[in-house]
Amino acid sequence: MARITVKISKSYNVHIGHGLIKSLRVYLSKLNLGKKVVLVTSTSINTIHSTQIERELSNLGFEVKKYLVLDGDDSKNISEYFNLLNFLSNSKITKSDTIIGFGGGSVIELAGFCAATYHRGINFVSIPTSLVSMLENSVGGKTGLNLVGVKNLIGIYFYPLVVLCDLDFLKTLPELEWENGLAELIKYAILIGDDFYDVLIQDDYRKNIDKLIEDVVAYKREIIEIDENNLWESHILGLGSIFAKAISILSEDSISYGKALAMGINRIAYVSYKSAGLQKRDYDKIINLLKKYDLRLSLPFSLNLIIDTIKKDNNIYDENFDIALINKVGRCFVERVPLDKLDEFFN
């Protein structure tokens, strides 16, 4: 079992291991979470896992309320947000009570955004259950909602009191979610390099998943502690995502985020090789890693259409985009590209 402390303006611990839900008392009893907890979870997680966590919370003396959302990114919308706020109010949840986000990334971000804004902020505990959410939602405090076709147009950074990554949840993970998580692991293999890359290229990554998750959380912790407010350095964590979000939007989410991210990583690798100093040896290492896992590399839409969609992204800074590029495996950097130069830059 690992404990990684994120030392920022509001420090918190990320616990990673097996059987954490069976030991909730160890992680929650000293946090002063109030009398009521609202468990926000998805329909699929509710079916498989909610009984145990509700029992454990009840044994700790909490009055447990439960709010269900549909699976997937569609739950991150303004209507669901208002519905959850009404549920909190009708349940007489006070400022001293707690919201627990229990599920994948969409559930964590919706629950976190509600916790940040209800009563101007109440207690929040994050329990990610998918591989992607353990990798992406354990560090950084990102919450958000989609609006008018733009992903995460609304959001705020809001830190949980604690994050519990119970690796036993991965035993029931659908194959599609493993694929989504794999694309994220490939992204971190490029960012971290060294042994992390070697494990993915040489071995079955699932046999090493515990250590890989720990390494990603520790790496993200280092980046976020340098750039808590997401001003520059932390933008490298979005490697490939600028394409992935656009592809997901254009496909109306019929293309999974993992597949879209793999395509985005491939394109960013090409741009880095063409104009950002990525050497052929490292470019080949990236392509070989993507091909090892039979991930589609070609873009499903025209490049011009994807670029037009990127221009509507929420990450525009004074008519510029900050884009993560690759110098070598294990060394990435951020380049600021003017909005009117994107077509030339990506072609």
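Residues numbered from 1 in each chain as written. Predicted model: local features only at pLDDT ≥ 70, side-chain atom pairs only at ≥ 80, totals over all residues. Heavy atoms only, no water.

Let's shift gears to the sheet that holds strand E4 (residues 63–69). The strand order E1-E2-E9-E6-E5-E3-E4 describes an open sheet built from seven strands, whose pairing is mixed. Strands at the two margins of the open sheet, each flanked by one partner only, are strand E1 (2–6) and E4. Along the sheet, successive strands turn relative to each other by an average axial angle of 20°, direction set aside. In the sheet, strand E2 (residues 12–17) pairs with strand E9 (residues 162–166) via five bridges, with the strands oriented parallel. From the neighbouring strand, Ile 16 faces E9, where its bridge partner is Cys 165. Those strands touched by helix H3 (residues 78–90) are strand E3 (36–42), E4 and strand E5 (98–103), and its axis lies near 165° from that of E4. Those strands touched by helix H8 (residues 209–226) are E1 and E2, and its axis lies near 15° from that of E1. (Pairing = 2+ DSSP bridges. Helix = DSSP H or I, 4+ residues; strand = E, 2+ residues; numbered from the N terminus. Axes fitted to C-alpha atoms, helices over the stretch in contact; angles between N-to-C directions. Contact = heavy atoms within 4.5 Å.)

Another aspect to go through is the pattern of salt bridges. Scanning all chains against the criterion turns up 17 salt bridges. Between Asp 168 and Lys 171 there is a salt bridge whose closest N-O contact spans 3.5 Å. A residue is classified by how much of its surface remains accessible, and Lys 171, at 67% relative accessible area, is exposed. Bridged by salt links that share partners, the residues Asp 73, Lys 76, Glu 109, Lys 151 and Asp 253 form one connected network. (Salt bridge = Lys/Arg side-chain N within 4 Å of Asp/Glu carboxyl O. Buried < 20%, exposed > 50% of the residue type's maximum accessible area, 1.4 Å probe, protein only.)

Another aspect to go through is helix H6 (residues 175–192). With 18 residues, H6 extends 25 Å between its outermost C-alpha atoms, agreeing within 8% with the 26 Å of an ideal straight helix rising 1.5 Å per residue. Judged by how many residues are buried, H6 sits mostly within the fold: 13 of 18 residues are covered. Gly 193, located one to two residues past H6, shows a positive phi value of around 70°. (Expected span 1.5 Å × (residues − 1).)

The phi angle at Glu 252 is positive, at roughly 55°, despite the residue not being glycine. Considering the arrangement of structural elements, one finds Glu 252 in the loop between helix H9 (241–250) and helix H10 (257–275). In this model, Asp 318 sits at a positive phi of 50°, which is unusual for a non-glycine residue. One can find Asp 318 in the loop between helix H12 (303–310) and strand E10 (320–328). For Asp 318, a relative accessible area of 70% gives the class exposed.

Every buried residue of helix H7 (residues 194–202) is accounted for by Phe 196, Tyr 197 and Leu 200. Take H7 and look down its axis: the buried residues cluster within an arc of 95°, on one side only. In H7, the exposed positions that point more than 90 degrees away from the buried face belong to Asp 194, Asp 195 and Gln 202. The inward-facing, buried residues of H7 abut H6, H8 and helix H11 (280–292). (Arc of directions from axis to C-beta.)

This next bit is on the packing of aromatic side chains. In total, this model carries 11 aromatic pairs according to the counting rule given. With 4.9 Å between their ring centres and 50° between their planes, Tyr 81 and Phe 113 make a pair best called tilted. Placement of the pair is Tyr 81 in helix H3 and Phe 113 in helix H4 (residues 105–117), with a sequence separation of 32 residues. You'll find Tyr 81 and Phe 113 in the same group, each marked buried. Seen in terms of ring centroids, Phe 102 and Phe 169 are 5.5 Å apart; in terms of plane orientation they differ by 65°. Their pairing is edge-to-face. Taken together, the residues Phe 102 in strand E5 and Phe 169 in the loop between E9 and H6 connect sequence positions 67 residues apart. You'll find Phe 102 and Phe 169 in the same group, each marked buried. Looking at Lys 10, its charged tip hangs above the ring of Phe 158, at a distance of 5.4 Å from the centre. Taking the ring centre of Tyr 197 as reference, the NZ or CZ of Lys 285 above it sits at 4.7 Å. (Phe/Tyr/Trp six-rings, centres within 6.5 Å; stacked < 30°, edge-to-face > 60°. Lys NZ or Arg CZ within 6 Å of the ring centre and 35° of its normal.)

Our next topic: the environment of Ser 44. If you trace the backbone, Ser 44 turns up in helix H2 (residues 43–59). Through-space distance from the C-alpha of Ser 44 to that of Leu 131 is 15 Å; in sequence the pair is 87 residues apart.

Among the nonpolar cores identified, the biggest contains 101 residues, and Leu 185, Ile 186, Leu 200, Ile 213, Ile 323 and Phe 346 are the most heavily contacted of them. If you tally residues by element for this core, the top one is H6, at nine residues. The residues touching Ile 323, leaving out its near neighbours within four places in the chain, are Ile 242, Ile 268, Phe 333, Val 334, Glu 335, Val 337, Leu 342, Phe 345 and Phe 346. Core analysis: the next-biggest nonpolar cluster, separate from the first, contains 23 residues, Val 69, Val 107, Leu 145 and Phe 158 among them. (Core = buried A, V, L, I, M, F, W, Y, C linked by side-chain atoms within 4.5 Å.)

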